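Letter by letter, the chains look like this.
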Amino acid sequence: MTGSALVLMIASMALIWGGLAASAVGLARRPENSHMPPGGEDDPTPTD
Amino acid sequence: MAQQPTSAPAGDSASPQKREHWSGQTAFILAAIGSAVGLGNIWRFPGEAYENGGGAFMVPYLIALLTAGIPILFLENAIGHRFRGSAPLAMRRVHRNAEGVGWFHVAICFVIGLYYTAVIAWSLSYFWFSFGLDYADDPAGFFFNDYLQLGSDVTLSAQIVPSVALPLILVWALTIGILALGIHKGVERLNVVGIPLLVVTFGILAFRALSLPGASDGIEALFTPDFSVLTDPEVWIAAYGQVFFSLSLAYGVMITYASYRRRRSNVTGPALVVAFGNSSFSLLAGLAVFATLGFLAQTQGVGVDELENITGVSLSFVTFPAVIAQMPGGQFFGALFFASLVLAGLTSLISVIQTISAAFQDKFGWNPRIAAVAVGLVSAVLSVLGFSTASGLYLLDTVDQWSNQLGIVAGAVGMIAAALWFGRRGHELERHLAAVSTIRPGRYWPVLINVIALLLIYMFVSKAVSLAIDGYGGYPTWYVVVFGWGTILFIGAAGVLMPWLRWHKDIAHPTLWPSREQLGLPAEVGAKVTEQYRPGKDTP
């Protein structure tokens, strides 16, 4: 495999798979915004 | 200016007691990934990358993902989450004259659902055929002549092909059954099981593909960069198109899925996971497909650049069967490949049909079961009549071209125009996302959306001119007019006519949360915004 193809492949993996890992880890660490405005209670869930 | 919904008192939204919810954030993310990851990730992305500069394509692709894919995904999530409805209902609440944009989206879903099911049915058949390697001797002849029984004349055949019709009916029955169970028990369960299963199945396939002799030649062909393409506008258009079509954007799916999230939910964080998750699967598919093509090239003693049929239907149903026939343990590899197509396709199909079903539930007050059966049965009959016949492939190719390349792009422009230009909801949606999410889109996000709209208008006009002047695929003019432009006419007519039908109850005064006051906005939509907004600090 040529050097340029290898570099592009590794860079793509780092950015795309790394982006997935970073966004997933970021979400796991801070799943919700703790400063939401008051209110916004949910509608009841249907039973049927 | 027409009166628009602001922040009315609680308790008057359209059937709030009937809006279903995802069980949690993970369920939503899996369902949204299930919608985004579809057949295109497996058969379109690798070929697009290869034909548009190889490794160099990743530069415009990533830029397109960050500047268009994610911003539009945020927009759809914001519309669905804030205005809490299917595409027509949410768009009606964005602007009183924008309901038609939502029905335009729904009509695109209807058209896509008709033929997408057919491809899943073919994949289901080929999953079965893989165990006996029925297609091994002559993959092209088997697919076009023995299986599809494709006629040589491009016309509309009335001859139903039972081997296609049977799995097609099966896929529709499965789809109706899943949708009738509702969001939580049906759509969510399918994705919670289906997406991890897809990742495992396709992961094993990719691992096997990468261990094949010649795999590295294929990977090298995929990633060898041709940086000269970076000055070619067509390559940039291809990158934006790939990102756009791949993320299930602009036909109401993400609006609908976001509307089933609870109000106090993080919107942008999960959307980011969905966007990167979708691209991650595309990259994995690129590696698996080109590793396999590298093996095929070595077996045939040719270069990867000499191979034909490396994208779309031909890649999956002609080229891959040829590879499967030649590799040790081909049955297993074939079963994995076609099972992946079925899973990826089914999770996307469900999202498309749910978008239609949700629209009818909101408009006419139908329950999920009635909507699923009504929408599913009508679609199933048309789907079988149109796509299980001897001319099904021609019809699929034509309808797909117009509904995707023109319909979806027009639907996106309509959505942006309604939300930002006529509805003047840019600030509101940006502040909504900032108020409920962990990642703030920033004040330049609406500006970026406007720039994307201009790009989309250019894409629409250039494609429409090209289709009008050059036709498509060598098909006869009458055929292109009736089934290509006719598709656009049907979608447009749905957008114009459906808003004339009456809503089953008052939907004009939804409960919006956070209220415009909480977002630091004047109560009247369109009034000048002067107040700075700092989420979480100065909300009343």
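Looking at an unreviewed UniProt entry, one finds chain B named Sodium-dependent transporter and attributed to Demequina zhanjiangensis. Recorded under Subcellular location (unreviewed entry), the UniProt text for chain B is reproduced unchanged: "Membrane".

As annotated in an unreviewed UniProt entry, chain A carries the name Methionine/alanine import family NSS transporter small subunit and is attributed to Demequina zhanjiangensis.

Caption draft 1: Fine view of the packing of helix α15 (residues 330-364) of chain B against helix α16 (residues 368-387) of chain B. All names here are of chain B. Orientation of α15 relative to α16, taken along the N-to-C sense of each, is 120°, at an axis distance of 9 Å. Viewed along their axes, α15 and α16 adopt a mutual orientation that is oblique. Judged by the twist between their axes, the crossing of α15 over α16 is right-handed. Residues Ile-353, Ile-356, Ser-357, Phe-360 and Gln-361 of α15 lie in contact with α16, whose contacting residues are Pro-368, Ala-371, Ala-372 and Val-375.

Caption draft 2: Spatial organisation of the nonpolar core. Counting 197 residues, the largest nonpolar core has Ile79(B), Trp122(B) and Phe317(B) as the members making the most contacts within it. If you tally residues by element for this core, the top one is helix α6 (residues 99-132) of chain B, at 20 residues.

Caption draft 3: Up close: the pattern of salt bridges. Residue and element names in this part refer to chain B. Enumeration over the complete set of coordinates arrives at 5 salt bridges over all chains. We note a salt bridge from Asp-362 to Arg-19, for which the minimum N-O separation is 2.9 Å. With Asp-362 in helix α15 and Arg-19 in the segment before α1 (25-36), this residue pair connects regions lying 343 residues apart in the sequence. Notably, a salt bridge pairs Glu-428 with Arg-516, separated by 2.4 Å at the nearest N-O pair. Of the two residues, Glu-428 is situated in helix α18 (residues 426-436) and Arg-516 in the segment after α20 (477-497); the sequence distance between them amounts to 88 residues. Each of the two residues, Glu-428 as well as Arg-516, counts as buried. In this structure, a network of salt bridges that share partners links the residues Arg-82, Arg-425, Glu-428 and Arg-516.

Caption draft 4: Molecular detail of the environment of Ile176(B). Residue and element names in this part refer to chain B. Checked against the element boundaries, Ile-176 lands in helix α8 (residues 162-180). We classify Ile-176 as buried; its relative accessible area is 14%. Ile-176 sits 298 residues away from Gly-474 along the chain, and the two C-alpha atoms are 36 Å apart. When residues no more than four places from it in sequence are discounted, the contact partners of Ile-176 are Ala-372, Val-373, Gly-376 and Leu-377.

Caption draft 5: Summary view of unusual backbone geometry. Residue and element names in this part refer to chain B. In this structure, Pro-514 follows Trp-513 across a cis peptide bond, with omega equal to -5°. Mapped onto the elements of the fold, Pro-514 is located in the segment after α20. The backbone of Arg-424 shows a phi angle near 50°, a positive value even though the residue is not glycine.

Caption draft 6: The arrangement of the interface of chain B and chain A in detail. Taken together, the contact between chain B and chain A spans 49 residues of the former and 33 residues of the latter. Counting the surface lost from both chain B and chain A, the interface buries some 3500 Å², and carbon and sulfur atoms represent 64% of this. Summed over the shared surface of chain B and chain A, the result is 0 salt bridges. Listed by contribution, the elements that provide at least two residues to the side of chain B that touches chain A are α1, α4 (58-83), α10 (215-223), α13 (268-300) and α18 of chain B. Here the side of chain B that touches chain A gets 11 residues from one element, more than from any other, and that element is α13(B). In terms of residue class, the side of chain B that touches chain A is built from 23 nonpolar, 18 polar and 8 charged.

Caption draft 7: Quick peek at the packing of α4(B) against helix α17 (residues 392-422) of chain B. All names here are of chain B. With their axes 12 Å apart at the nearest point, α4 and α17 run at an angle of 65° to one another. You can see that α4 and α17 cross each other, and the crossing is left-handed. In contact with Ile-72, Leu-75, Glu-76 and Ile-79 of α4, α17 contributes Met-415, Ile-416, Ala-419 and Leu-420. For the contact of α4 with α17, the residue count by class is 7 nonpolar, no polar and 1 charged.

Caption draft 8: Region of interest: the confidence of the model for chain B. All names here are of chain B. In this model, chain B carries a mean pLDDT of 94, and residues with pLDDT of at least 70 account for 96%. Throughout residues 1-17 the model reports pLDDT below 50, and contacts reaching past four residues in sequence, or to other chains, amount to 53 contacts. Scoring of the predicted complex yields 0.95 for pTM and 0.93 for ipTM.

Caption draft 9: The arrangement of the side chain of His105(B) in detail. Residues and elements named next belong to chain B. With respect to the helices, strands and loops of the structure, His-105 is situated in helix α6. The class for His-105 is buried, based on a relative accessible area of 0%. A polar contact of 3.5 Å, which involves the side chain of His-105, links it to the backbone oxygen of Ala-250. In contact with His-105, not counting residues within four places along its chain, are Ala-87, Ala-250, Tyr-251, Gly-252, Ile-255, Gly-411 and Met-415.

Caption draft 10: Quick peek at the packing of aromatic side chains. Residues and elements named next belong to chain B. In this structure the tally under the stated criterion is 42 aromatic pairs over all chains. Seen from their ring centres, Tyr-126 and Phe-317 are 5.1 Å apart, and the 85° between their planes marks the pair as edge-to-face. One end of the pair, Tyr-126, is in helix α6; the other, Phe-317, is in helix α14 (residues 312-326), and 191 residues separate them in sequence. For the pair Tyr-126 and Phe-317, a shared accessibility class is recorded, and that class is buried. When the centroid spacing of 5.1 Å and the interplanar angle of 45° are considered together, the rings of Phe-202 and Phe-281 count as tilted. Taken together, the residues Phe-202 in helix α9 (residues 182-210) and Phe-281 in helix α13 connect sequence positions 79 residues apart.

Rules and cut-offs
Residues numbered from 1 in each chain as written. Chains lettered and ligands numbered in written order. Predicted model: local features only at pLDDT ≥ 70, side-chain atom pairs only at ≥ 80, totals over all residues. Heavy atoms only, no water. UniProt positions renumbered as here; feature names shortened; annotations may be inferred. Axes fitted to C-alpha atoms, helices over the stretch in contact; angles between N-to-C directions. Helix = DSSP H or I, 4+ residues; strand = E, 2+ residues; numbered from the N terminus. Parallel < 35°, antiparallel > 145°, perpendicular 65-115°, else oblique. Left-handed = near helix turned anticlockwise from the far one by under 90°. Contact = heavy atoms within 4.5 Å. Core = buried A, V, L, I, M, F, W, Y, C linked by side-chain atoms within 4.5 Å. Buried < 20%, exposed > 50% of the residue type's maximum accessible area, 1.4 Å probe, protein only. Salt bridge = Lys/Arg side-chain N within 4 Å of Asp/Glu carboxyl O. Buried area = accessible area lost by both parts, 1.4 Å probe. Nonpolar A, V, L, I, M, F, W, Y, C, P; charged D, E, K, R; others polar. pLDDT = per-residue confidence, 0-100. Polar contact = N/O pair within 3.5 Å; in protein donor to acceptor, adjacent residues only side chain to side chain. Phe/Tyr/Trp six-rings, centres within 6.5 Å; stacked < 30°, edge-to-face > 60°.

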